[in-house]
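Structural overview for review
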Amino acid sequence: MTARVDSATEIDVPTGPAHRDGGVAQATPPSPRRRRGNGWGARLEIALLVGPALIVFLGLVIFPVVMAAYYGFFSWKGFGPPTDFIGFRNYLTIVQDPAFQEAVLHNGTIVVLSLLLQGPAAFLLALLLNRRMRGQSIIRVLIFVPYVIAEVVVGTGWSLMLQTNGAVNDQLEKMGLGFLAQDWLSNPDLAIWTLMGIITWKYIGFAVILFLAGLQGIPDELNEAAAIDGATFWQIQRHITLPLMGPTLRIWAFLSIIGSLQLFDLVYIIWGQYVASTAGTSTMATYMVAEGRNAGNFGYGNAVAVVLFVISLVVALVYQRFVLRRDTEGAITGDQKKGRFQR
Amino acid sequence: MTAYPETAAAVLPLRRRGRPSKSPRLRAASPIVYLVALVVIGLMLAPIAYIIIGGFRTNSQITVDPSGLPDPWVFANYLDVLTGEVFWRQVLNSAIVGFATTLGVIVLGLMASFVLARYNFAGRGALYALFAAGLMFPLTVAITPLYIVVRSLGLMNSLGGVILPQIAFALPVTIIILVPFLRAIPEEIQEAAAIDGCSRLGFFWRMVLPLSVPGVVTVGILAFVGSWNSYLLPLFILNDQAAFTLPLGVQAFSSEYSVDTAKVLAFTSLSMIPALIFFSVFERRIVGGLTGAVKG
């Protein structure tokens, strides 16, 4: 911990070469100076060690993103250099396309429903499992299994089970609940709820594991003290557990929101690009792939990518600014001010 | 996510975390708790069981009774898949991509993290911030332009075209996990090594590598599982059946044999076995690594 604080201040100090060289650093022994001499040898080492990672990262992460912003201004089929500059027309088309507006609406729905469905359910499950019980570790593992399985497997399996003559309807019938049988996948009123069910099934394990880890960080003494003072179980959860779980819950919500905004695999595998829009499950990402690469309009696809990125970025920054802020204020305020650990 | 430096603290004590060593004062579980847990686990496992068991049925069994048990059990579907060349080729492709990605992420990530953690130089903070900012660019957002970059590198339809971008996109998380980890190695060790005549690189090789194994394992597992399951990138880069990885293969198989449900189920369940084995072996690491990497 101390090392962390020190290193944060370290970076701020404008260390000229003179400071970095031998004597000065040794004069301040408590500060965990990493290495003294920064001669040519050290510079070469730095270059050799960071170089490969930096090249790969700049070339394949940063460069494409920058290029997307550039390509987005062109009408471009993806062959040869883009020449047909059309300014903001791609962006105008995107904003006015009802298909894109629907996709945004679906993404918004998924964001909200994910939080409302998974959050409370996972929290209750974590509360339930956070006690002395046999087989707790195996229970945790089993709840987590769907999270580890590939989206493709999940999508293929669920789409087979949810056919009108599939296992789910059949099972309902066997249990005497035949009236509940539905056209789960293509009924536009229902499909988004089906998707939510699958998303919850796949990702709730992650939330439960995260919350359990958070719960185990809460000292028992607090609960005991409250119990002695006569608080009921639910009062303890409401006034002690929930506030103390705040940071964990907020981080989870952040990840869930970003994941929901970028949702692609499950929708594309289960519904495909065409059915997704008629069934009402299309997302910004499936729209991007369908209208961009699949339609051969790379200029347009890149513009959609930029819109998707900007929306995610704005949501992330707003969330960081207004929700996550209080978690980080105490711990790494110094870093926050410098924006070093800000996303 | 913001409190990156906390990660090491969260990852390091993994070994000790094993059993929830909570005091015995924690409320004991009642039968109702077990019942609820059983129901939840049933819900989580039923779809997986359906896929695996369905592979042991025939199509007519599935049509007549979609949610029944095999009667009799048939092994033809699994044998067909296992004796076919397609499945094994895709397993091989997925394995190559997975291991190459993992290796690349570990090697590049460890080298860069070592510098960021233990060298002093102007611009170190900026460099760290640059890598950390990579978290803002998930693959989904960058896929369209990335596809163009990979194409102009001439890497279409080659596994390298999947491996390199996967390494690049895994670097931010890797560096964020490893830097605090390497920073936590006491300065005294480095000084002692220096006194004993160990150069910086020698220190890296002889001390940092062995000491950073737990962090590296976490990072490697995240990279491997992510690569094994990845779908969007191979979908864009690999159009040639011969280069398909398992996720693409499962999807191609299920549309090609869409009438042969039983075989699709057999193929699908075989494709998840490697991931399930991997998960059961490294379960504690994966769970711990994910919560460690995420907890603030």
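All values derive from a computational prediction rather than experimental measurement. (Residues numbered from 1 in each chain as written. Chains lettered and ligands numbered in written order. Predicted model: local features only at pLDDT ≥ 70, side-chain atom pairs only at ≥ 80, totals over all residues.)

1. What about the overall build of chain A?
The helix and strand inventory of chain A stands at 17 helices and 0 strands. For chain A, buried positions account for 41% of its 343 residues. Relative to all contacts within chain A whose residues are 6 or more apart in sequence, the contacts with residues 24 or more apart total 63%. (Helix = DSSP H or I, 4+ residues; strand = E, 2+ residues; numbered from the N terminus. Buried ≥ 20, exposed ≤ 12 C-beta atoms within 10 Å, placed from the backbone. Contact = placed C-beta atoms within 7 Å.)

2. Quick look at the overall build of chain B
Scanning chain B from terminus to terminus reveals 16 helices and 0 strands. For chain B, the share of sequence-separated contacts (at least 6 apart) that also reach a separation of at least 24 residues comes to 79%.

3. Side note on the UniProt feature "domain: ABC transmembrane type-1" (unreviewed entry) in chain A
According to UniProt, the positions carrying the feature "domain: ABC transmembrane type-1" (unreviewed entry) are residues 104–319 of chain A. The distance separating the terminal C-alpha atoms of residues 104–319 of chain A is 18 Å; by composition the span is 76% helix and 0% strand. (UniProt positions renumbered as here; feature names shortened; annotations may be inferred.)

4. Here's the deal with the UniProt feature "transmembrane region" (unreviewed entry) in chain B
Residue and element names in this part refer to chain B. Residues annotated in UniProt with the feature "transmembrane region" (unreviewed entry) correspond here to residues 32–53, 95–116, 128–150, 162–182, 203–225 and 264–282. A distance of 31 Å separates the end C-alpha atoms of residues 95–116, which is 100% helix and 0% strand. Across residues 203–225, helical content stands at 96% and strand content at 0%; the span's end C-alpha atoms are separated by 31 Å.

5. Concerning the UniProt feature "domain: ABC transmembrane type-1" (unreviewed entry) in chain B
According to UniProt, the "domain: ABC transmembrane type-1" (unreviewed entry) feature falls on residues 91–282 of chain B. Taken end to end, residues 91–282 of chain B comprises 79% helix and 0% strand; its first and last C-alpha atoms sit 20 Å apart.

6. Section: the nonpolar core
Counting residues in each nonpolar core, the largest one holds 171 residues, and the members touching the most others are V208 and F211 of chain A together with L171 of chain B. A total of 16 residues in this core trace back to one element, the largest contributor, which is helix 9 (residues 160–183) of chain B. Ignoring any residue separated from it by four or fewer positions in sequence, one finds L171 of chain B in contact with A53 and F57 of chain A together with V105, L108, G109, F131 and G134 of chain B. (Core = buried A, V, L, I, M, F, W, Y, C linked by C-beta atoms within 7 Å.)

7. Considerations on the UniProt feature "transmembrane region" (unreviewed entry) in chain A
According to UniProt, the positions carrying the feature "transmembrane region" (unreviewed entry) are residues 44–73, 110–129, 141–161, 190–213, 251–271 and 298–319 of chain A. Along residues 298–319 of chain A the backbone is 100% helical and 0% strand, and the end-to-end C-alpha distance reaches 31 Å.

8. Some remarks on helix 11 (residues 200–211) of chain B
Because each turn of an α-helix spans 3.6 residues, side chains separated by three or four positions end up pointing in the same direction. Taken residue by residue, helix 11 of chain B has R200, F203, F204 and V208 of chain B as its buried positions. Take helix 11 of chain B and look down its axis: the buried residues cluster within an arc of 100 degrees, on one side only. Opposite the buried face of helix 11 of chain B, by more than 90 degrees, sit the exposed residues W205 and P210 of chain B. Close packing links the buried residues of helix 11 of chain B with helix 4 (40–71) of chain A together with helix 6 (85–118), helix 9 and helix 10 (187–195) of chain B. (Arc of directions from axis to C-beta.)

9. So, the packing of helix 8 (residues 151–161) of chain A against helix 3 (residues 31–54) of chain B
Packing of helix 8 of chain A against helix 3 of chain B leaves a shortest axis separation of 10 Å and a crossing angle of 85 degrees. As far as their axial angle goes, helix 3 of chain B and helix 8 of chain A are roughly perpendicular. Facing helix 8 of chain A, whose interface residues are G157, W158 and M161 of chain A, helix 3 of chain B presents P47, Y50 and I51 of chain B. Classifying every residue of the contact of helix 8 of chain A with helix 3 of chain B by side-chain character gives 5 nonpolar, 1 polar and no charged. (Axes fitted to C-alpha atoms, helices over the stretch in contact; angles between N-to-C directions. Parallel < 35°, antiparallel > 145°, perpendicular 65-115°, else oblique. Nonpolar A, V, L, I, M, F, W, Y, C, P; charged D, E, K, R; others polar.)

10. Details of the environment of F85 of chain A
Residue and element names in this part refer to chain A. Residue placement: F85 occurs in the loop between helix 4 and helix 5 (89–96). For F85, a count of 11 C-beta atoms within 10 Å translates into the label exposed. Residues within four places of F85 in sequence aside, it is in contact with F73 and F74.

11. A look at the packing of helix 14 (residues 246–256) of chain B against helix 15 (residues 261–281) of chain B
Residues and elements named next belong to chain B. Remark: helix 14 packs on helix 15, axes separated minimally by 9 Å, with the N-to-C direction vectors making an angle of 175 degrees. One way to sum up the angle between helix 14 and helix 15 is to call them roughly antiparallel. Between helix 14, through L246, V250, F253 and S254, and helix 15, the contact on the second element is made entirely by V264, F267, T268 and S271. Of the residues that constitute the contact of helix 14 with helix 15, the class distribution is 5 nonpolar, 3 polar and no charged.

12. Quick word on the environment of S280 of chain B
Note that S280 of chain B resides in helix 15. Residues S280 of chain B and S30 of chain B, 250 residues apart in the sequence, show an inter-C-alpha distance of 28 Å.

13. With respect to the confidence of the model for chain A
Regions with low pLDDT should not have their predicted coordinates read in detail. Residues and elements named next belong to chain A. When pLDDT is averaged along chain A, the result is 78; 84% of the residues meet or exceed 70. Helix 3 (residues 22–27) is the least confidently modelled element of chain A, averaging 36 in pLDDT, while helix 6 (residues 98–129) averages 91, the highest of any element. Below pLDDT 50 for its whole length, residues 1–36 participates in 37 contacts with residues either more than four positions away or in separate chains. Throughout residues 330–343 the model reports pLDDT below 50, and contacts reaching past four residues in sequence, or to other chains, amount to 23 contacts. (pLDDT = per-residue confidence, 0-100.)

14. Considerations on unusual backbone geometry
A negative phi angle is the norm for most residues apart from glycine, just as the trans form is the norm for most peptide bonds. Residue and element names in this part refer to chain B. Between D71 and the following residue, P72, the backbone shows a cis peptide bond with an omega angle of -5 degrees. For P72, the position within the fold is in the loop between helix 4 (59–64) and helix 5 (76–83). Positive phi, close to 65 degrees, is recorded for N157, a residue that is not glycine. Inspection of the secondary structure assignment puts N157 in the loop between helix 8 (139–152) and helix 9. Here N157 falls in the partly exposed class, since 18 other C-beta atoms lie within 10 Å of it.

15. Overview of the environment of L146 of chain B
As for its position among the elements, L146 of chain B is in helix 8. Of the residues examined, L146 of chain B has 28 C-beta atoms within 10 Å and is grouped as buried. Considering only alpha carbons, one finds L146 of chain B and G161 of chain B, 15 residues apart in sequence, at a separation of 10.0 Å. When residues no more than four places from it in sequence are discounted, the contact partners of L146 of chain B are L60 and P64 of chain A together with P165 of chain B.

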